[in-house]
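Listed here are the chains, written in short residue letters.
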Amino acid sequence: MDEKWLHFDRKKLLLDGDLSIFDYNRQNALLFSQGDWQLIRRDLAFAGIDPSCIQELEDGPCTELIRAFRIRRELIHYKKVCLHLFEEGRKIERELKQAMAFFFWNDGENKNEGSKAHLQALHLLSQYYLNDNISPLEIDAVSVAMKRHCEKSTACELVDRKILYVLATGAIGFHKGISLAIQDARNIAKSICLSPRHPDGERPLKLRNLPASMYVDQAVHKIAREDPFESRDERRERMTQKEEKISSTNVADDPRCSDKKLTKSGMAYNLILEKVRDEHNWPTEAIGFLSSSIVARGGYKALTIVEELENYSSHLSALPSRTKKVLQQYMDAHNDFITISNRAVPTEGDEGNALSAAVKRVGNIHSLRGLLKASGENAKWVSVLASLSWKENTMFVAGDDAANGNNCMFVPQEFELGNFINASRKLLEEVLMPAMLNAITSESWPPQIGTRRTRVAAYDEHSVEYAKCGRNKLSKCMKCSGYFDAKWIRHTFCIMCERRIRDESVENKCLFDGCKLSEEAFCPHFRRCFVCDSPHSCEECRLYRGDGESAIELVSVLQPRILLLDFDRTLCSTKSGASPLPQNKSKSKHSRHQHTIDSDLKVAVAAHRTYGSSHVITRNSHKRDIEEFLIQHDLKDLASNVHVVPKKMSKGSYIKDNFFTGDNSDASSCIFIDDDIRELVRDNWLKSCEQVHRLLFVRAFSK
């Protein structure tokens, strides 16, 4: 290799303010741009290394490193997908809690009759929760219960009410098992992504304590230790006699926590350097430079992530079989209970203990079924991610801000975790919600004073005086004037009034009063508002929510000829039209670049060069400062395409006049990215033009 490359200009290597890879240490590791092979490639290019030598690295010694970067990126998206599903699961869980509270029927003084009816309901539904292939709608008792709830309340027998309550409690148990496994997958994946950047950094505690730190492992371990025939009262008495406290085990004391030392990532890192030295004859100085770049740009961390993912995969692979074993024990125990119950009727007073044990046992069966399904699917995809090659197509993409309305994500067609979440939604929509709505129609809403539906914290103007929780903890529905706890009300409407209004409305506008974008931000395909009903994205409306990584994926999928980006609070951290440069030009060099650029959008711009041109569309009047700022961040092409939209002109009109007229009218597609929903929905042409895809940009706070 020609050693002239050593005479490089150090200033060209300053990718992170005033820091170069030579300044990298454990204390300032978080200040460096990292996570992509292209950053290492850029370091090598600025150091004067011949492009052919860099290509040799990519084709040979650094292939495993490029693969590690690829796996890291997929894992980041996978944990975001899990977060999206978990957040969606929380919404469904809220509705399941509504159904469970509604269908609970207070037995009052007839506790023995209520216990008998409850046990009968458990028997009638046993084929459903003991067999994955049977739908509740296939069970005659469920159809009868639903039908009777459509009639007057007097038509319902006690067992009908218990059947729907058992269905609701079973659904929420299964759903919680699914959600727990998804939450576990997300948390472990996040811990893996938090592997230290510096080789001397500390390994995350959750990874050191595997497998005992996994929520699913803890849940299965806890259920396995319990007696399937023991009631809650019997267990409480036993624990009291032993003077034991029911508390969670300290996972750090679990003998399965080996806290083994990682070795493969260090070996892979050293092997790369050895191959570069031995097979490509790089001098010692060049090897040192490459080593510094790999560590500073997150290469060592990426290799560690691969090793941690393989370790996690090995623990996950053993979990489904253990869960199946425990589940089978509980199912056998419940089958024995059913067989015995069919032969002999419980003696007077024994129904309570029998019911308590059966309810607890069935609840564990539902939870284990949910855990088994979701953890098995998670194990499958973790294994796939750990064995990915760098040549395969992108699999997972999702934004960070799931809780605040970002549900734009891409997953493989075979990915089933979302279907498991939707199974609960299906039961809600096909059985529980129709029965609840029919019951409300034949009874009253909110429930009247003296009702047996004592777990529904819903009251009218008169019964609210008898509310146990107090009026100050309730909210008033603007439609029916009832008072409800947080479980039943949203955006000033109780859940029942909201459903009725949404179903009956024929207007293409948001159903909530006070929405400033009532018609503009309304999705007619799902009858949802992009603002009030967020998170919401619609492919038919061509309007998505996402962050910079979502932008990268949209560019990759759509391959648009034009990429348009807003500047303030989108590409740059500026706001309200401020200059991105320091106002006092005489300040020291340490004050430069006070504003930051979104690194993912920067990558999106770079990726888009293959397909067409990128442009900044902004209302910020500091055009020259913006151009200088972009040049300083190595975006010279984008700096030559900065457009300032005139006052009182919509961005949609500006885009139409400048990019879709004359020679530009045949533009195959365009992506317009902005953080302001108003800029995306208020222009009629922008909404109607099928060539324009819009991304509501939501910046993430952390990864």
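This text gives an overview of the structure that appears in the document. (Residues numbered from 1 in each chain as written. Predicted model: local features only at pLDDT ≥ 70, side-chain atom pairs only at ≥ 80, totals over all residues. Heavy atoms only, no water.)

1. A closer look at the overall build of the protein
Next up, step 1: Helices and strands together make up the secondary structure of the protein, namely 23 helices and 15 strands.
Next up, step 2: In the protein, which comprises 703 residues, the proportion classed as buried is 52%.
Next up, step 3: Considering only residue pairs separated by 6 or more positions, the protein has 72% of its internal contacts joining residues 24 or more positions apart. (Helix = DSSP H or I, 4+ residues; strand = E, 2+ residues; numbered from the N terminus. Buried < 20%, exposed > 50% of the residue type's maximum accessible area, 1.4 Å probe, protein only. Contact = heavy atoms within 4.5 Å.)

2. Concerning helix α7 (residues 158-193)
Helical geometry: 3.6 residues make up each α-helical turn, so side chains three or four residues apart lie on a common side.
Next up, step 1: Relative to the 52 Å expected for 36 residues at 1.5 Å per residue, α7 spans 52 Å between its end C-alpha atoms, a close match to the ideal helical length.
Next up, step 2: For α7, the buried fraction is high: 30 of the 36 residues fall into the buried class. (Expected span 1.5 Å × (residues − 1).)

3. Structural notes on the packing of α7 against helix α15 (residues 417-442)
Next up, step 1: Where α7 contacts α15, the axes come no closer than 10 Å and their chain directions differ by 160 degrees. The pairing of α7 with α15 is recorded here as roughly antiparallel in orientation. With respect to the hand of their crossing, α7 and α15 are arranged in left-handed fashion. Along its contact with α7, which presents L164, L167, A168, A171, F174, H175, I178, S179 and I182, the element α15 presents L417, F420, I421, S424, L427, V431, L432 and A435.
Next up, step 2: Classifying every residue of the contact of α7 with α15 gives 14 nonpolar, three polar and no charged. (Axes fitted to C-alpha atoms, helices over the stretch in contact; angles between N-to-C directions. Parallel < 35°, antiparallel > 145°, perpendicular 65-115°, else oblique. Left-handed = near helix turned anticlockwise from the far one by under 90°. Nonpolar A, V, L, I, M, F, W, Y, C, P; charged D, E, K, R; others polar.)

4. Examining the sheet that holds strand β5 (residues 483-484)
Next up, step 1: Taken in spatial order, the three strands of this open sheet run β3-β5-β4, and their pairing is antiparallel. Pairing within the sheet leaves two strands with one partner each, and these edge strands are β3 (458-459) and β4 (475-476).
Next up, step 2: Where β4 meets β5, two bridges bridge the pair, whose relative direction is antiparallel. In the strand pairing of β5, K476 is matched with Y483. (Pairing = 2+ DSSP bridges.)

5. Some thoughts on the pattern of salt bridges
Next up, step 1: Taken as a whole and judged by the stated rule, the model has 29 salt bridges.
Next up, step 2: Salt-bridge contacts for D634 lead to R42; the nearest nitrogen and oxygen are separated by 3.4 Å. Here R42 lies in helix α1 (residues 37-46) and D634 lies in the loop between α19 (623-632) and α20 (636-639), a separation of 592 residues in the sequence.
Next up, step 3: Given the relative accessible area of 34%, D634 is considered partly exposed.
Next up, step 4: Linking D278 and R277 is a salt bridge whose minimum nitrogen-to-oxygen distance equals 2.9 Å.
Next up, step 5: On the basis of relative accessibility, which here comes to 44%, the residue R277 falls in the partly exposed class.
Next up, step 6: Overlapping salt bridges, with partners in common, bring together E88, E95 and R425 in one network. (Salt bridge = Lys/Arg side-chain N within 4 Å of Asp/Glu carboxyl O.)

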